[in-house]
Amino acid sequence: MRTQVAIIGSGPSGLLLGQLLHLAGIDTIILERRSRDYVLGRIRAGVLEEGTLNLLDRAGVSDRLRKEGLIHTGFDICFSGERHRIDLSKLTNGKKVVVYGQTEITRDLMAAREASSAATVYEALDVEITDFDTKRPRVGYRHDGQTHEIDCDFIAGCDGFHGICRASVPEDAIVTYEKVYPFGWLGLLSETPPVSEELIYVNDERGFALCSMRSPTRTRCYVQCSLSDTIEQWPDDRFWSELKGRLDPETAATLLTGPAIEKSIAPLRSFVAEPMRFGSLLLAGDAAHIVPPTGAKGLNLAASDIHYLSAALIDFYASGNDAELGEYSRRALARIWKAERFSWWMTTLLHQLPEDGDISTKLQQAELEYLFESRAAQTMLAENYVGLPY
Ligand code: RFL
Ligand code: PHB
């Protein structure tokens, strides 16, 4: 088999790259280890920056998003029993974010791909990439009990944090930076109306909490939990009473609870791999970097990588020279590090960090008080939350 760009992974990065390249007349094959339903069943991100929305417009997959997405012009931070609103639009000249689940974006992108003639292989096993230090890289995999091989010009490593693409790069060619946080997020999705029209981020002595949503009838909430906790230790009742305990009493009193449709624990990590290009192999999204979810940046960073990468590949096929591809890693990383900083800052501001001692509690309190008093501090938060320019 032969294609121009072999894309490994059908998460948002791989699907969006496939769609933008398809619109530019570039041939791709997507190889995905899991089934289509498994990919659609993963509940993850919910908050989209304007840059991500514009890119989805350009990809021609935003009809439903523009109809059903919930426009948010601010959010609350709850601290010491009081809610403080961060007015994103006022602080950023009218910018906003849109709440629309990653699952729905994935569904829209999959539908667009199925409507095109582009190939996707689900349940592609033992994917292996070779010769990416040459101009004729190859990808091998197993499907339906048979082995297959693809010859291509480029391999796009969109296979997430645990994928094989980054892991295939020789150790001496890559530098990684990592911080693992000593706590996790327990997330619960339920068919209940959100407690508030906007998101509420909570810093409480019992730990961080977040009240988010997927629609006017669907709630997504998180509580900071211990890394050793298991889902079995968190029946729905315990989750809801813990969340209520972390919210201010007025909000807690209006919280409607219901059975979990989905519940999962996610570890928190900051991670960057440099560079993002190794000859004919190009990494994008979670394959190259991870942010803790507090700043709602993971999916948005995947989208901005694809903005730079798709433009560089399209330029390569139009001009025949790879100058733009040579700039991909530098351009993407400049934005990635700023999002890493912001996500680390939001995480440190809002979680309980007992291992850092009492001083961290006092510093956090001072930082939050300064934030609530200072328009300059709120502007820093708002312009990062709505997304820095591409
Ligand atoms: P994905 O989505 O992990 O997709 C990678 C795909 O590659 C496949 N794969 C392989 N395929 C073939 N061969 C192999 N060897 C393979 N190994 C893996 C996988 O099955 C998968 O389908 O990476 P991608 O596309 O880069 O997208 C990244 C985003 O999914 C991620 O950054 C966000 O979900 C992060 N995130 C959030 N981001 C936001 O922008 N806003 C948010 O509000 C937000 N909230 C979150 C989040 C992530 C969370 N978790 C659980 C990690 C909330 C949570 C709880
Ligand atoms: C979500 O709705 O899943 C969500 C929202 C905001 C975040 C993280 C996750 O910061």
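In this numbering scheme, every chain counts its residues from 1 along its sequence in written order. As they are written, the chains are lettered A onward and the ligands numbered 1 onward, keeping that order. The predicted nature of this model means local features are confined to residues of pLDDT at least 70 and side-chain atom pairs, given and counted, to a pLDDT of 80 or more, with totals for whole chains, interfaces and linings taken over all residues. With hydrogens and water excluded, all non-hydrogen atoms of the structure serve as input to the side-chain values.

Quick word on the pairing of strand 10 (residues 138-143)
- By definition, two strands form a pair when at least two bridges between them are found by DSSP. Strands are runs of DSSP state E lasting at least 2 residues, helices are runs of H or I lasting at least 4, and numbering of each runs from the N terminus. With 4 bridges connecting them, strand 9 (residues 125-130) and strand 10 associate as antiparallel partners. Bridge assignment links Thr 130 to a residue of strand 10, and that residue is Arg 138.
- Relative to strand 11 (residues 146-151), strand 10 runs antiparallel, the two sharing 6 bridges. Within strand 11, the residue paired with Gly 140 across the bridge is Glu 149.
- Between strand 10 and strand 11, which pair antiparallel in sequence order, lie 2 residues; one of them, Asp 144, sits at a positive phi of approximately 50°.

Things to note about helix 10 (residues 323-350)
- Multiplying 1.5 Å by the residue count of a helix minus one yields the expected span of that helix. Between its first and last C-alpha, helix 10 extends 42 Å over 28 residues, near the 40 Å set by a 1.5 Å rise per residue.
- Here the bend at each residue means the angle between axes fitted to two seven-residue stretches, the one ending at that residue and the one beginning there. The axis of helix 10 is deflected most strongly, by about 30°, at Ser 329.

Observations concerning the packing of helix 1 (residues 12-23) against helix 9 (residues 298-319)
- For every element, the axis is a line fit to its C-alpha atoms; helices are fit only across the contacting stretch, and the angle between N-to-C directions ranges from 0 to 180 degrees. Contact geometry for helix 1 and helix 9: axes closest at 9 Å, N-to-C directions at 30°. Taken as axis vectors, helix 1 and helix 9 run roughly parallel relative to one another. Where helix 1 crosses over helix 9, the two elements pack in a sense that is right-handed. Across the interface between the two elements, Pro 12, Ser 13, Leu 16, Leu 17, Leu 20 and Leu 21 of helix 1 pack against Leu 299, Ala 302, Ala 303, Ile 306, Leu 309, Ser 310, Leu 313 and Ile 314 of helix 9.
- Here the nonpolar group is Ala, Val, Leu, Ile, Met, Phe, Trp, Tyr, Cys and Pro; Asp, Glu, Lys and Arg are the charged ones; every other residue, Gly included, is treated as polar. Broken down by class, the residue content of the contact of helix 1 with helix 9 amounts to 12 nonpolar, 2 polar and no charged. Angles are sorted into four bins: roughly parallel if under 35 degrees, roughly antiparallel if over 145, roughly perpendicular if 65 to 115, and oblique for all others. Left-handed describes a crossing in which the near helix is turned anticlockwise from the far one by less than a right angle; the clockwise case is right-handed. Only heavy atoms matter for contacts: two residues are in contact if any of them lie within 4.5 Å across the pair.

Points about the sheet that holds strand 9
- Pairing within the open sheet is antiparallel, and its 3 strands lie in the order 9-10-11. Two strands close off the open sheet at either side, each with one partner strand: strand 9 and strand 11. In this sheet, adjacent strand axes meet at a mean angle of 15° when their direction is disregarded.

Describing the packing of aromatic side chains
- Working definition: a ring pair exists when centres of Phe, Tyr or Trp rings (six-membered ring for Trp) sit within 6.5 Å. Plane angles under 30 degrees give stacked, over 60 give edge-to-face, the rest tilted. For the coordinates displayed, the defined rule picks out 15 aromatic pairs.
- When the centroid spacing of 6.2 Å and the interplanar angle of 90° are considered together, the rings of Phe 154 and Tyr 317 count as edge-to-face. In this pair, Phe 154 is assigned in strand 12 (residues 154-157) and Tyr 317 in helix 9, connecting sequence segments 163 residues apart.
- Any residue under 20% of the maximum accessible area for its type is buried, any over 50% is exposed, and the rest in between are partly exposed; the area is computed with a 1.4 Å probe on protein chains only. In this structure Tyr 317 comes out as partly exposed when scored by relative accessible area, which is 25%.
- A cation over a ring is seen here: Arg 34 above Tyr 38, with NZ or CZ 4.2 Å from the ring centre.
- The ring of Trp 234 is capped by Arg 238, whose NZ or CZ atom sits 3.6 Å from the centre of that ring. Counting as a charge over the ring demands two things of the Lys NZ or Arg CZ atom: a distance within 6 Å of the ring centre and an angle within 35 degrees of the ring normal.

Topic: the domain arrangement of the protein chain
- Delimitation of the domains relies on an automatic or database domain assignment. Each domain of the protein chain was delimited in the assignment, giving domain 1 (5-71 + 97-178 + 269-347) and domain 2 (180-268 + 352-386).
- When each unit is reduced to the centre of its C-alpha atoms, the spacing between domain 1 and domain 2 is 28 Å.
- Contacts between the two partners involve 27 residues from domain 1, matched on the other side by 23 residues from domain 2.
- Throughout, buried area stands for the accessible area (probe radius 1.4 Å) lost by two parts on being put together, summed over both. The three residues of domain 1 that bury the most area against domain 2 are Ile 43, Arg 269 and Trp 345, which together make up 27% of that side's buried surface.
- Just to be clear on terms, a salt bridge is a Lys or Arg side-chain nitrogen sitting within 4 Å of an Asp or Glu carboxyl oxygen. Remark: the boundary between domain 1 and domain 2 carries 0 salt bridges.
- Within 3.5 Å is the distance limit for a polar contact, defined as a pair of N or O atoms, with the added protein rule that one can donate a hydrogen and the other accept it, and that residues adjacent in sequence qualify only through two side-chain atoms. Applying the counting criterion to the domain 1 and domain 2 interface returns 6 residue pairs in polar contact (both at pLDDT 80 or more).
- Top element by residues in the side of domain 1 that touches domain 2 is helix 10. It accounts for 7 residues.
- Each residue belonging to the side of domain 1 that touches domain 2 can be placed in one class, and the counts come to 13 nonpolar, 6 polar and 8 charged.

Points about the site of ligand 2
- The environment of ligand 2 is made up of 13 residues, and the closest members are Tyr 201, Ser 212, Arg 214, Tyr 222 and Pro 293.
- In this structure, an oxygen atom belonging to ligand 2 sits 2.6 Å away from a side-chain N or O atom of Ser 212.
- At 2.8 Å from an oxygen atom of ligand 2 is found a side-chain nitrogen or oxygen belonging to Arg 214.
- Using a 1.4 Å probe, the Shrake-Rupley method yields the accessible areas, and only the shown protein chains count as cover for residues. Protein contact buries 97% of the 280 Å² of open area that ligand 2 shows by itself.
- When contributions to the shell around ligand 2 are tallied by element, the ones reaching two or more residues are strand 15 (209-215) and strand 16 (218-225). The nearness test applies per residue and asks whether one of its heavy atoms lies within 4 Å of the molecule or strand.

Some details on the site of ligand 1
- In the neighbourhood of ligand 1, 33 residues make up the surrounding shell, with Ser 13, Glu 32, Arg 42, Gln 102 and Leu 299 lying closest.
- In the model, a nitrogen atom of ligand 1 is placed 3.1 Å from a nitrogen or oxygen of the Arg 33 main chain.
- One of the backbone N or O atoms of Leu 299 is found 2.6 Å from an oxygen atom in ligand 1.
- Listing elements by their share of the shell around ligand 1, those giving two or more residues are helix 1 and helix 9.
- With 3 residues, the single largest contributor to the shell around ligand 1 is helix 9.
- Tallied by class, the residues present in the shell around ligand 1 amount to 14 nonpolar, 11 polar and 8 charged.

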